[in-house]
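Each chain, letter by letter, is given below.
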Amino acid sequence: MNLREFWYPFRGACSLTFDDGTENQLLKAVPRLDERGLAATFYLNPGGRDWYKRLQVWEHVAVAGHEIGNHTCSHTCSNNIQNRSGGLEDITFEDMETDILTTQDRLRRLVPHQKNWSFAYPCYCTFVGKGERRKSYVPLVARHFLAARAGGEYGFANHPYYADLACLWSIAVERMSGYEMIGLVEELTFRGMWVILTFHEIDGERLTVGSYDYAMLLDYLQRKSEEIWVAPVTQIAGKIIDQQN
Ligand SMILES: [Zn+2]
């Protein structure tokens, strides 16, 4: 089957993903998606004693049709990003599994109606340990999730036949203009790929995208809704799994 047949009636797919559950995602990202009838995936970190109180508002986002995903409680990154020890280089496979399962238990309590779940690797890092003891925790994630999102090379996306669903590529869009995001989605979906964009803040202070540029991308996706399938990560992963079977 060629890619045209695979995606029919679309030519490719795009998932919009948002990490860390920031306040400006609630204020700026979600309303603009809802206005246009687009659904996205939001990766949350239900850490701390106050996790339920802090994240309760996301339950409404999920009920409105968006997807919630697991981004761990601790958001442990590489020591090299955290500028301190105690990061991924210093923890074990078991530490990571405990974190992921605690997170999953909490998110299921937050959004009991959601059936399928995906994971986003904090800081796009897929390993634990260092040097000779360094190993991938992708197999652990593959055991517990339908799909998972990592980083990737700029300008590339996921081929529906060859991508590893447990380690999907995404493009980090911080500081991009609307034109750049549109160009990437246009070109990669034309080639029959599944493009996953990773957002953090909208009009924020960290890894941000401007709301004008964000709205420009959403307007484009709305105009192209008959050609580009825009859906949360597990919906598109589900289609790929069905076809592979
Ligand atoms: Zn994150």
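Please refer to the structure placed before this passage.
Residues numbered from 1 in each chain as written. Predicted model: local features only at pLDDT ≥ 70, side-chain atom pairs only at ≥ 80, totals over all residues. Heavy atoms only, no water.

A. Up close: the overall build of the protein. Secondary structure assignment for the protein yields 10 helices and 12 strands. In terms of overall size, the protein behaves like a compact globule, its C-alpha atoms giving a radius of gyration of 17 Å where 245 residues would be expected to give roughly 18 Å. Each of the three principal axes of the protein carries a C-alpha extent, and together these read 45 × 40 × 35 Å. For the protein, with 245 residues in total, the buried portion stands at 56%. By sequence separation, contacts in the protein at least 24 residues apart represent 74% of the contacts at least 6 residues apart. Summing over all exposed atoms, the protein offers an accessible surface of approximately 11,500 Å²; the carbon and sulfur share of this is 49%. The positive charge centre, built from 25 side chains, and the negative charge centre, built from 31, are 2 Å apart in the protein. (Helix = DSSP H or I, 4+ residues; strand = E, 2+ residues; numbered from the N terminus. Rg over C-alpha atoms; globule rule 2.2 N^0.38 Å. Buried < 20%, exposed > 50% of the residue type's maximum accessible area, 1.4 Å probe, protein only. Contact = heavy atoms within 4.5 Å. Areas by Shrake-Rupley, 256 points an atom, 1.4 Å probe, with all protein chains shown as cover. Lys, Arg positive; Asp, Glu negative; His and termini not counted. Charge placed at Lys NZ, Arg CZ, Asp CG, Glu CD.)

B. Seen up close, the pairing of strand 3 (residues 67-70). Side chains Glu67 and Gly69 of strand 3 all project onto a buried face; the interleaved residues Ile68 and Asn70 project onto the opposite face, where all are buried too. Two strands pair when backbone bridges link them, and strand 2 (residues 41-44) and strand 3 are joined in this way by 4 bridges, in the parallel orientation. Looking across to strand 3, one finds that Thr41 is bridged to Glu67. (Pairing = 2+ DSSP bridges.)

C. Fine view of the environment of Arg54. By the element assignment, Arg54 lies in helix 3 (residues 51-55). The exposure class of Arg54 is partly exposed, given its relative accessible area of 39%. Separated by 166 residues in the primary sequence, Arg54 and Tyr220 place their C-alpha atoms 33 Å from one another. Beyond its immediate chain neighbours, meaning those up to four positions away, Arg54 contacts Asn45, Pro46 and Gly47.

D. Spotlight on the coordination of the zinc ion. Coordination of the zinc ion by the protein is provided by Asp20 (OD), His71 (NE2) and His75 (NE2), with metal-donor distances spanning 2.0 to 2.1 Å. All donors of the zinc ion come from a single chain, and their spacing in sequence reads D-x50-H-x3-H. A relative accessible area of 0% means that His71 is categorised as buried. (Donors = N, O, S within 2.8 Å, 3.2 Å for Na, K, Ca; no water.)

E. How the structure looks around the pairing of strand 2. By the alternation rule, side chains of strand 2 split into Thr41 and Tyr43 and Phe42 and Leu44, which are all buried. Taken together, strand 1 (residues 12-19), helix 2 (residues 23-35) and strand 2 form a β-α-β motif whose crossover is right-handed. (Right-handed = clockwise from strand over helix to strand, strands pointing away.)

F. Region of interest: the state of the cysteines. Per the counting criterion, the structure on display carries 1 disulfide. Each disulfide pairs two cysteine sulfurs, and for Cys77 the partner residue is Cys123, the sulfurs being separated by 1.8 Å. For the disulfide bridge between Cys77 and Cys123, the dihedral angle about the S-S bond is near 65°, and by the sign convention the bridge is right-handed. Remark: Cys123 occurs in the loop between strand 4 (118-120) and strand 5 (127-128) and Cys77 occurs in the loop between strand 3 and helix 5 (79-82); sequence separation between them is 46 residues. (Disulfide = S-S within 2.5 Å.)

G. Spatial organisation of the nonpolar core. Leu16, Phe18, Tyr137, Phe199, Leu217 and Leu221 are the most contacted members of the largest nonpolar core, which totals 62 residues. For this core, the element with the highest residue contribution is helix 9 (residues 211-223), accounting for 6 residues. Non-local contacts of Leu221, meaning those with residues more than four positions away in its chain, are made with Cys14, Leu16, Leu38, Val185, Ile228 and Val230. By size, the runner-up hydrophobic cluster in this structure holds 16 residues, among which are Ala13, Tyr43, Trp229 and Ile236. (Core = buried A, V, L, I, M, F, W, Y, C linked by side-chain atoms within 4.5 Å.)

H. Representation of the side chain of Gln82 in the model. For Gln82, the position within the fold is in helix 5. Gln82 has contacts with His75, Thr76, Cys77 and Gly87, leaving out every residue within four places of it along the chain.

I. Quick look at the environment of Arg11. Mapping Arg11 onto the fold places it in the loop between helix 1 (3-7) and strand 1. By relative accessible area, which is 8% here, Arg11 ends up buried. Expressed as a C-alpha distance, the spacing of Arg11 and Trp229, which sit 218 residues apart in the sequence, is 7.9 Å. In this view, Arg11 contacts Arg4, Glu186, Thr189, Phe190, Gly192, Tyr220, Lys224, Glu227 and Ile228; residues no more than four positions away in its chain are not counted. A distance of 3.2 Å separates polar atoms of two side chains, one belonging to Arg11 and the other to Thr189. (Polar contact = N/O pair within 3.5 Å; in protein donor to acceptor, adjacent residues only side chain to side chain.)

No statement about biological role is implied by the geometric values presented.
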